[in-house]
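# Overview (structure and organization)
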Amino acid sequence: MITTGGEALVRALAAQGADTVFGIPGTHNLGAYSALERVGLRHVLVRHEQGAGYAADGYARSTGRPGVVLTTTGPAILNAVSSAAQAYSDSVPVFFVSPGMPSNHPGFGNGLLHEIRDQTASMAAVVHRAVRVSQVSEITAAVAQLWGEMIDGRPRPVYLEIPLDLFDVTAEIDDYPRAVTAQHVAADDAIERAAAAITAAQSPIVVVGGGAGSASEQVTALAERIGAPVLTTTNGKGAVADDHPLLVGAGVQHACVRALVESSDLLVAIGTELAPADWWYGQPTISSMVRLDIDPAGIHANRAADVAVLGDIADSAPRLAQRLPARDTATTIDEIRATITAEARATGATWGPLVDALVAATPRETVIAADNAMAVYYGTLSNWPLHRARSFLFPTGAGTLGFGLPAGIGAKVADPDAPVIVIQGDGGTMFTVAELATAAELRLPLPIIVVDNGGYGEIRNEMADRDEPVHAVDLGHPDFVALARSVGCHGVGAQEPDDVAAAVVEALKADRPTVIHVREGARA
């Protein structure tokens, strides 16, 4: 079939199972936009390419299905770089694609619209693989190859660049290959050695990370067989339900968690690289460790495994569980949980009443799309119980601001029936506040809680802790209610925790998004 490069791209994405594209049309990508509706891909028009990247990330995190971002040339794709870096650091499959300079573009440049020196190199710095094709006939295979690299093993974002002139050039395209991935099966002897180590341990601890998100059931069954206290990292939150009898805490940043791990004779680490971004104050000393991971680099990251079980966790976990003898559940589970809960409550005391009210009022299956805000990493992470994998969307590794709102849009687009709640601070809100207009246009019943402490609260505190002048951190109190209404959202102000919770309940049933502005105070 004679096809333009733009249509070949869209059909190749559809052949991989893509159903939604986040982006903004531009002069150089119209050859692809002309094919979206014809091929049957939904397009979500965002207000900024950074928002497109975060929305695709939220789509992917909440479902496990890759998100797709389509931008135009130069500044447009560069606007998405921070979201690509975030997806890479948190192992999220997002497919970025844009036009680049034309095939015959002079090496020294000539001032063409959107010209930058090397888009591919810019994206290569932040994604797993960046590729520029040189002819239309390459596009379909390149999409399949990059898609396969994105989802094979540890998921990571990728980038495809197509010379802008190829979007309207025609070629005979008959095949749209599907991505092919490998089977990642752990060696039997590794499973046996892991079983022996766990059986011999007197006080094992299990830590579950984001890599277990697609194997929640299998990992939970393995934890039950081990019969040991279970912790989840930030991105692992929900992979073992927070109300499971063995779950003693979500978030490993607490001092008492560090002490617990250091008192154990074996750490069973599942789908986690034990990142400093999780531990906050330095990784604990680990006496011995069994690690289950699909990534050959990650399985030795930050601390080499004593026993490395390299393979798909969904396959490895049940095979390992079958080899373990029944173990009595640790009698200290309740005591450990109480200790961690007490520290989490103390650390998040400022936001405790608000979190408690929200937990009581919202559905068990709630998905939280959160920003890097004090109300989240102190208040919500360890104190709001979640009960399924992929229900806590948080920008852990790169730690970007502005993630929460567009990620919530992506999650809600992916599953319109899911109760999705956005929680962010006033500073982070302003990074991607334009996406309120996107959410309004989509008519999403999306509560957006803005906890307002008048600026960059964490940095304000760090300056004070260093006994240095506190400056450049105060942002005042924008009228978020009026701002929300100006772009087509509902907007309400609420101070008391019960009032905030009531507003969230109404927002989940509303005909459009609702911004709920909470000025941080003694009660919130």
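Here the structure is a predicted model, which is why all the values come from computation and not from measurement. (Residues numbered from 1 in each chain as written. Predicted model: local features only at pLDDT ≥ 70, side-chain atom pairs only at ≥ 80, totals over all residues. Heavy atoms only, no water.)

### Overview of the pairing of strand S18 (residues 447-452)
On any regular strand, side chains alternate: one points to one face of the sheet, the next to the other face. The criterion, for reference: Summary of the burial criterion: residues with accessible area below 20% of their type's maximum are buried, those above 50% are exposed, and those between are partly exposed, where the area comes from a 1.4 Å probe applied to protein chains only. Only DSSP runs of H or I covering at least 4 residues are called helices, and only runs of E covering at least 2 are called strands; the numbering of each starts at the N terminus. Here, a strand pair is defined by DSSP locating no fewer than two bridges between the strands.
Most of S18 is tucked away: six of the six residues are buried. Neither face of S18 is exposed, since Pro447, Ile449 and Val451 on one face and Ile448, Val450 and Asp452 on the opposite face are all buried. As paired elements, strand S17 (residues 420-425) and S18 share four bridges and run parallel to each other. Considered in S18, the bridge of Gly425 is made with Val451. Where S18 and strand S20 (residues 514-519) come together, six bridges link them in parallel fashion. Among the inter-strand pairings, Val451 is bridged to a residue of S20, identified as Val518.

### Regarding the sheet that holds strand S13 (residues 289-293)
Note the threshold: Every axis corresponds to a line fitted to the C-alpha atoms, with the helix fit spanning only the stretch in contact, and the corresponding angles, defined between N-to-C directions, vary from 0 to 180 degrees.
Read across the sheet, six strands follow the order S11-S10-S9-S12-S13-S14 without closing on themselves; strand pairing throughout is parallel. Each having just a single partner strand, strand S11 (247-250) and strand S14 (307-310) make up the two edges of the open sheet. On average, adjacent strands in this sheet sit at an angle of 15 degrees to one another, irrespective of strand direction. Inspection of the sheet shows strand S12 (residues 266-270) paired to S13 by four bridges, in the parallel sense. In the strand pairing of S13, Ala269 is matched with Arg291.

### Concerning the environment of Ala494
Keep this limit in mind: We call two residues contacting when some pair of their heavy atoms lies within 4.5 Å.
Mapped onto the fold, Ala494 is located in the loop between strand S19 (490-493) and helix H21 (497-507). Residues Ala494 and Ile516 lie 22 residues apart in sequence; the distance between their C-alpha atoms is 6.7 Å. Aside from chain neighbours lying at most four places away, what touches Ala494 is Asp499, Val500, Ile516, His517, Val518 and Arg519.

### Describing the sheet that holds S18
Read from one edge of the open sheet, six strands run S16-S15-S17-S18-S20-S19, paired in parallel fashion. The sheet is open, and its two edges are formed by strand S16 (392-393) and S19, each paired on a single side. For S19 and S20, the ladder comprises four bridges, and the chain directions are parallel. Along S20, the bridge assignment pairs Gly491 with Val515. Here helix H16 (residues 404-414) sits on the sheet and contacts strand S15 (367-370), S16, S17 and S18; the angle it forms with S17, its principal contact strand, is near 175 degrees.

### A closer look at the nonpolar core
As a reminder, the rule being used: In this text, buried Ala, Val, Leu, Ile, Met, Phe, Trp, Tyr and Cys residues form a nonpolar core when linked through side-chain atoms within 4.5 Å.
Ranked by size, the top nonpolar core spans 51 residues in total, and within it Val208, Leu222, Leu231, Ile270 and Leu320 carry the most contacts. Phe22, Tyr54, Ala80 and Ala84 belong to the second largest nonpolar core, which has 49 residues in total.

### Looking at the packing of helix H1 (residues 5-15) against helix H7 (residues 139-151)
This is how it is decided: What makes a crossing left-handed is the near helix being turned counterclockwise from the far one by less than a right angle; a clockwise turn instead makes it right-handed. Ten residue types, Ala, Val, Leu, Ile, Met, Phe, Trp, Tyr, Cys and Pro, are classed as nonpolar, four, Asp, Glu, Lys and Arg, as charged, and the remainder, Gly among them, as polar.
The interhelical angle for the contact between H1 and H7, taken along N-to-C directions, is 35 degrees, at an axis separation of 9 Å. Along this stretch, H1 crosses H7, giving a crossing that reads as right-handed. In this structure, H1 contributes Gly5, Ala8, Leu9, Ala12 and Leu13 to the contact, and H7 contributes Ile139, Thr140, Val143 and Trp147. Considered class by class, the residues forming the contact of H1 with H7 number seven nonpolar, two polar and no charged.

### Considering the pattern of salt bridges
Definition in use: Whenever a carboxyl oxygen of Asp or Glu lies within 4 Å of a side-chain nitrogen of Lys or Arg, that contact is scored as a salt bridge.
One pass over the full model with this rule turns up 24 salt bridges. Glu149 is the partner of Arg129 in a salt bridge, and the nearest nitrogen-oxygen pair spans 3.3 Å. Residue Arg129 is located in strand S6 (residues 129-132), and its partner Glu149 is located in helix H7; the two are separated by 20 residues in the primary sequence. Classification of Arg129 as partly exposed rests on a relative accessible area of 39%. Residue classification places Glu149 among the partly exposed residues on the basis of a relative accessible area of 26%.

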